[in-house]
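# Report on the structure
Okay, here's what each chain looks like letter by letter:
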Protein chains: 2
Amino acid sequence: MLYEAEVTINLKAGMLDPEGTTIKRALGHLGYNTESVKSTKRYVIELNAESEENARGLVDQMCQKLIANPIIHDYSIDLREIE
Amino acid sequence: MLYEAEVTINLKAGMLDPEGTTIKRALGHLGYNTESVKSTKRYVIELNAESEENARGLVDQMCQKLIANPIIHDYSIDLREIE
């Protein structure tokens with residue numbers, strides 16, 4: 001079965017977010033005042049797997065081995081069957 | 001009122017996604033075969049505005065002027081009141 005996994009990578013609490021800080025400052029220079037800007041990364045992965053549990057396990061391994069850095073990132077996985 | 005806007009920046013159809021392609025290849029080297037990997041950027045912006053319509057208009061301007069590149073990106077805005 002074909003699954004689509006949406007992986008969201010967030011910085012852990014307390015980690016600096018220089019991209020968000022820079023955008024907040026640049027928006028301020030353009031006259032837009034914001035309380036905060038946080039940046040997040042998202043990947044949409046399509047993969048074949050035998051079951052939803054199997055697909056989730058595979059994507060979890062991909063996150064731990066390559067996509068996320070467990071020292072600074074939290075990640076969450078949203079999975080749905082597309083075929 | 002304080003609003004939280006979730007801005008999702010996607011590459012337009014047909015645009016190359018070198019980050020997604022690279023991750024797909026690297027996952028393959030690790031033994032994980034995927035059908036596709038697409039990268040997406042998301043920003044969470046907190047801002048004060050008089051109304052939801054006003055907040056949405058401001059975030060839309062931020063996207064057009066700074067956050068998204070209209071030549072290569074599509075963007076969508078999810079807004080909710082948090083205070």
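Chain A has the name Phosphoribosylformylglycinamidine synthase subunit PurS in an unreviewed UniProt entry, where Methanohalophilus halophilus is given as its organism. One UniProt comment on chain A, placed under Subunit (unreviewed entry), says "Part of the FGAM synthase complex composed of 1 PurL, 1 PurQ and 2 PurS subunits." Quoted straight from UniProt, the Catalytic activity (unreviewed entry) entry for chain A says "N(2)-formyl-N(1)-(5-phospho-beta-D-ribosyl)glycinamide + L-glutamine + ATP + H2O = 2-formamido-N(1)-(5-O-phospho-beta-D-ribosyl)acetamidine + L-glutamate + ADP + phosphate + H(+)".

### Observations concerning the pairing of strand S2 (residues 36–48) of chain A
Counting buried positions along S2(A) yields 11 of 13 residues, so the element is predominantly enclosed. As defined by bridge partners, strand S1 (residues 2–11) of chain A adjoins S2(A) across eight bridges and the pair is classed as antiparallel. Looking at the pairing, Val7(A) lines up with Tyr43(A) of S2(A). Of the pairings in the sheet, the one linking S2(A) to strand S2 (residues 36–48) of chain B comprises 11 bridges and is antiparallel in character.

### Digging into the relation of the copies chain B and chain A
Superposition record for chain B on chain A: RMSD 0.0 Å, screw rotation 180 degrees, translation along axis 0.0 Å. In the structure described here, the two chain copies are related by an operation that fits a two-fold rotation axis. Nearest to the rotation axis, the C-alpha of Lys41(B) is located 2.5 Å from it, this being the minimum over chain B. Interface overlap between copies is the fraction of interface residues in one copy that are interface residues in the other; for chain B against chain A it reaches 100%, indicating a shared surface.

### Points about the environment of Tyr3(A)
All names here are of chain A. Assignment of secondary structure puts Tyr3 in strand S1. Counting along the chain gives 49 residues from Tyr3 to Glu52, while the straight-line C-alpha distance between them is 7.7 Å. Contact partners of Tyr3, with chain neighbours within four places excluded, come to Ile45, Glu46, Leu47, Ala49, Glu50, Ser51, Glu52, Ala55, Leu79, Arg80, Glu81 and Ile82. At 3.0 Å, the side chain of Tyr3 and the backbone nitrogen of Glu52 are in polar contact.

### Overview of helix H1 (residues 18–29) of chain B
Here H1(B) is 12 residues long and its end C-alpha atoms lie 16 Å apart, about the 16 Å a rise of 1.5 Å per residue gives. Count one or two residues on from H1(B) and you reach Gly31(B), which has phi positive near 95 degrees.

### A closer look at the interface of chain B and chain A
Counting residues at the interface gives 30 residues for chain B, matched by 30 residues for chain A. One can count 18 residue pairs in polar contact (both at pLDDT 80 or more) joining chain B with chain A. Going through the elements one at a time, strand S1 (2–11), H1, S2 and helix H2 (52–67) of chain B are the ones with two or more residues in the side of chain B that touches chain A. Per-element accounting of the side of chain B that touches chain A gives the leading share, 13 residues, to S2(B).

Cut-offs applied
- Residues numbered from 1 in each chain as written.
- Chains lettered and ligands numbered in written order.
- Predicted model: local features only at pLDDT ≥ 70, side-chain atom pairs only at ≥ 80, totals over all residues.
- Heavy atoms only, no water.
- UniProt positions renumbered as here; feature names shortened; annotations may be inferred.
- Buried < 20%, exposed > 50% of the residue type's maximum accessible area, 1.4 Å probe, protein only.
- Helix = DSSP H or I, 4+ residues; strand = E, 2+ residues; numbered from the N terminus.
- Pairing = 2+ DSSP bridges.
- Least-squares fit on C-alpha atoms with pLDDT ≥ 70 in both.
- Contact = heavy atoms within 4.5 Å.
- Polar contact = N/O pair within 3.5 Å; in protein donor to acceptor, adjacent residues only side chain to side chain.
- Expected span 1.5 Å × (residues − 1).

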